[in-house]
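Listed below are the residues making up each chain.
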Amino acid sequence: MPVLPGAEPFRHEGGEVGVLLCHGFTGSPQSLRPWAEYLAERGLSVSLPLLPGHGTRWQDMQLTGWQDWYAEVDRALRELLDRCERVFVFGLSMGGALTLRLAAKHGDAISGIVLVNPANKVHDPLAFALPVARHFIRSTPGIASDIAKPGSEEVGYDRVPTRAAHSLRNFLRLVDSELPQVTQPVLLLHSPQDHVVPPVDSARVLARVSSTDVTETLLEQSYHVATLDHDAERIFADSFAFVGRLTGSVSREGAASGG
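Being a predicted model, the structure only gives us computed values, none of them experimental.

What counts and how
- Residues numbered from 1 in each chain as written.
- Predicted model: local features only at pLDDT ≥ 70, side-chain atom pairs only at ≥ 80, totals over all residues.
- Heavy atoms only, no water.
- Helix = DSSP H or I, 4+ residues; strand = E, 2+ residues; numbered from the N terminus.
- Contact = heavy atoms within 4.5 Å.
- Expected span 1.5 Å × (residues − 1).
- Buried < 20%, exposed > 50% of the residue type's maximum accessible area, 1.4 Å probe, protein only.
- Phe/Tyr/Trp six-rings, centres within 6.5 Å; stacked < 30°, edge-to-face > 60°.
- Core = buried A, V, L, I, M, F, W, Y, C linked by side-chain atoms within 4.5 Å.
- Salt bridge = Lys/Arg side-chain N within 4 Å of Asp/Glu carboxyl O.
- Pairing = 2+ DSSP bridges.
- Axes fitted to C-alpha atoms, helices over the stretch in contact; angles between N-to-C directions.
- 1 Å grid on protein atoms, 1.4 Å probe; cavity = no way out; pocket = protein on both sides within 12 Å on 5 of 7 lines; lining within 4 Å.
- Points joined across faces, edges and corners; volume = space filled by probe spheres on them.
- Nonpolar A, V, L, I, M, F, W, Y, C, P; charged D, E, K, R; others polar.

Asks: Explain the environment of Leu51 here, please?
Replies: Looking at the secondary structure, you find Leu51 in the loop between strand S3 (45-48) and helix H2 (58-61). With 37 residues separating them in the primary sequence, Leu51 and Phe88 have C-alpha atoms 18 Å apart. Filtering out sequence-adjacent residues up to four positions away, Leu51 remains in contact with His23, Trp69, Glu72, Val73, Met94 and Leu98.

See below:
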């Protein structure tokens, strides 16, 4: 199937500091593309992969599960680690959960993580029925484009495949059990008004990770897809400053390029 316009993966060969960006469930790289381009313009090496089953049509996602999504970001991370001295991982929503698992599994190889409205649990009241319902109901209404900014749209599916939702539920349970293994510096930005992932998920993540260098920022003007919303520029600038603080050199690269 052809990839939806705007949903293509993005890569930029930059300097010795790399960033992997992980998009969300039923979304696509389009939701993080402005963030990726902001970082690339400031000299970083950037990788923004398209997760399997995403960016085409929702029916394709029925054939994939969390193992496929995680394998793709793990592969992209290993590529960055091969060519960069320092690597960071950023994630939105389910991409935040993928980021947390990478952090738990790769340890000190990852220099820090940035999470935007990270998902920790499937809160839909019908989630408990997914193990059975997925065999009879193929999809439910979509969750894309929860954005406060007028005219801003997310390229994502208008339906949620129930088989994939069941896999996501299992994945989030696994990630929650691994949170104490996360020790890297964390920048977590979340929206008080989020109609997809409630603030309690961010609170749960912050309470369970073992990181001692933790910064929490509220995105008061944005909904779930904050990277395309009113607070996008703040996310971009704060995340770049976070990388700069932890590497020392990036801030000078940014200044040299006008960032």
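Asks: How should helix H8 (residues 232-247) be read in this particular structure?
Replies: Residues three or four positions apart in an α-helix share a direction because the helix packs 3.6 residues into each turn. Compared with an ideal rise of 1.5 Å per residue, which puts 16 residues at 22 Å, H8 spans 23 Å between its outermost C-alpha atoms and is within 8% of the ideal. Listed in full, the buried residues belonging to H8 are Ala232, Ile235, Phe236, Ser239, Phe240, Phe242, Val243, Gly244, Leu246 and Thr247.

Asks: Looking at this structure, how should I read the packing of aromatic side chains?
Replies: Following the criterion strictly, the structure yields seven aromatic pairs and no others. Centre to centre, the rings of Phe25 and Trp69 are 5.8 Å apart; their planes meet at 70 degrees, and the pair counts as edge-to-face. Placement of Phe25 in the loop between strand S2 (17-22) and helix H1 (33-41) and of Trp69 in helix H3 (residues 66-83) is noted, with a sequence separation of 44 residues between them. The exposure class assigned to Phe25 is buried, which follows from its relative accessible area of 9%. A relative accessible area of 0% means that Trp69 is categorised as buried. Arranged with centres 6.2 Å apart and planes meeting at 70 degrees, the rings of Phe88 and Phe242 form a pair that is edge-to-face. Of this pair, Phe88 sits in strand S4 (residues 86-92) while Phe242 is found in helix H8, placing the two residues 154 residues apart along the sequence. Residue class for Phe88 comes out buried when judged on its relative accessible area of 0%. Residue classification places Phe242 among the buried residues on the basis of a relative accessible area of 4%. Through a chain of ring-to-ring contacts, three or more aromatic side chains come together here, namely Trp35, Tyr38, Phe90, Phe236 and Phe240.

Asks: Looking at this structure, I do not really get the environment of Leu81. What am I missing?
Replies: You can see Leu81 is positioned in helix H3. Between the alpha carbons of Leu81 and Ser152 there is a distance of 33 Å; along the sequence they are 71 residues apart. The residues touching Leu81, leaving out its near neighbours within four places in the chain, are Val87, His106 and Ala109.

Asks: Looking at this model, I keep getting lost on the nonpolar core. Mind explaining?
Replies: Side chains of a nonpolar character, in soluble globular proteins, are inclined to be buried together. Membership of the largest hydrophobic core comes to 42 residues, with the highest contact counts inside it found for Leu20, Phe25, Trp69, Leu98, Leu100, Leu102 and Ile113. For this core, the elements supplying multiple residues, two or more each, are S2, H2, H3, S4, helix H4 (94-106), strand S5 (112-116), helix H6 (162-178) and strand S8 (186-190). Non-local contacts of Ile113, meaning those with residues more than four positions away in its chain, are made with Val89, Thr99, Leu100, Ala103, Val182, Pro185, Val186, Leu187 and Phe242. Phe10, Leu48, Ile235 and Phe240 belong to the second-largest nonpolar core, a separate cluster that totals 32 residues.

Asks: It is not clear to me how the pattern of salt bridges should be interpreted in this structure. Could you clarify?
Replies: Side chains bearing opposite charge may pair, as long as their charged atoms lie close to each other. For the coordinates displayed, the defined rule picks out 15 salt bridges. Where Glu37 meets Arg33, a salt bridge forms, and the shortest distance between an N and an O atom there is 2.9 Å. Of the two residues, Glu37 and Arg33 are both situated in helix H1; the distance of four residues between them amounts to about one turn of the helix. Take Glu37: its relative accessible area is 31%, and that puts it in the partly exposed class. Taken together, the shared-partner salt bridges in this structure form one network comprising Arg11, Glu13, Glu72, Arg75, Glu79 and Arg83.

Asks: Would you mind going over the sheet that holds S5 with me for this structure?
Replies: The strands that make up a sheet are held in pairs by hydrogen bonds between backbone atoms, and each pair lies either parallel or antiparallel. In spatial order, the strands read S1-S3-S2-S4-S5-S8-S9; together these seven strands make up an open sheet with mixed pairing. This sheet does not close on itself; its edge strands, each paired only once, are strand S1 (10-12) and strand S9 (214-218). Each adjacent strand pair in this sheet contributes to an overall mean axis angle of 15 degrees, direction not counted. The sheet strands contacting H3 are S1, S2, S3 and S4, and the helix crosses S2 at an angle near 175 degrees. Contacts between helix H7 (residues 199-208) and the sheet are confined to S5, S8 and S9, with S8 contributing the most and set at about 165 degrees to the helix.

Asks: I keep staring at the pairing of S8 and nothing clicks. Help me out?
Replies: Residues in a regular strand project their side chains so that they alternate between the two faces of the sheet. For S8, a buried count of five out of five residues is recorded, marking the element as mostly surrounded by other parts of the structure. Alternating residues of S8 divide into Val186, Leu188 and His190 and Leu187 and Leu189, and every residue in both groups is buried. The sheet contact formed by S5 and S8 spans four bridges and is parallel. Looking across to S8, one finds that Val116 is bridged to Leu189. For S8 and S9, the ladder comprises five bridges, and the chain directions are parallel. Each bridged residue has a counterpart across the sheet, and for Leu189 the counterpart in S9 is Thr217.

Asks: Would you mind going over empty space enclosed by the protein with me for this structure?
Replies: Gaps left between atoms are located by rolling a probe of water-molecule size over the structure's atoms. Per the counting criterion, the structure on display carries one cavity of 30 Å³ or more. Counted as a void, the largest cavity has a volume near 100 Å³. In terms of lining residues, the largest cavity is bounded by Gly24, Phe25, Thr26, Gly27, Leu92, Ser93, Ile143, Ala144, Glu154, Val196, His224 and Val225. Among the residues making up the lining of the largest cavity, the classes are represented as six nonpolar, five polar and one charged.

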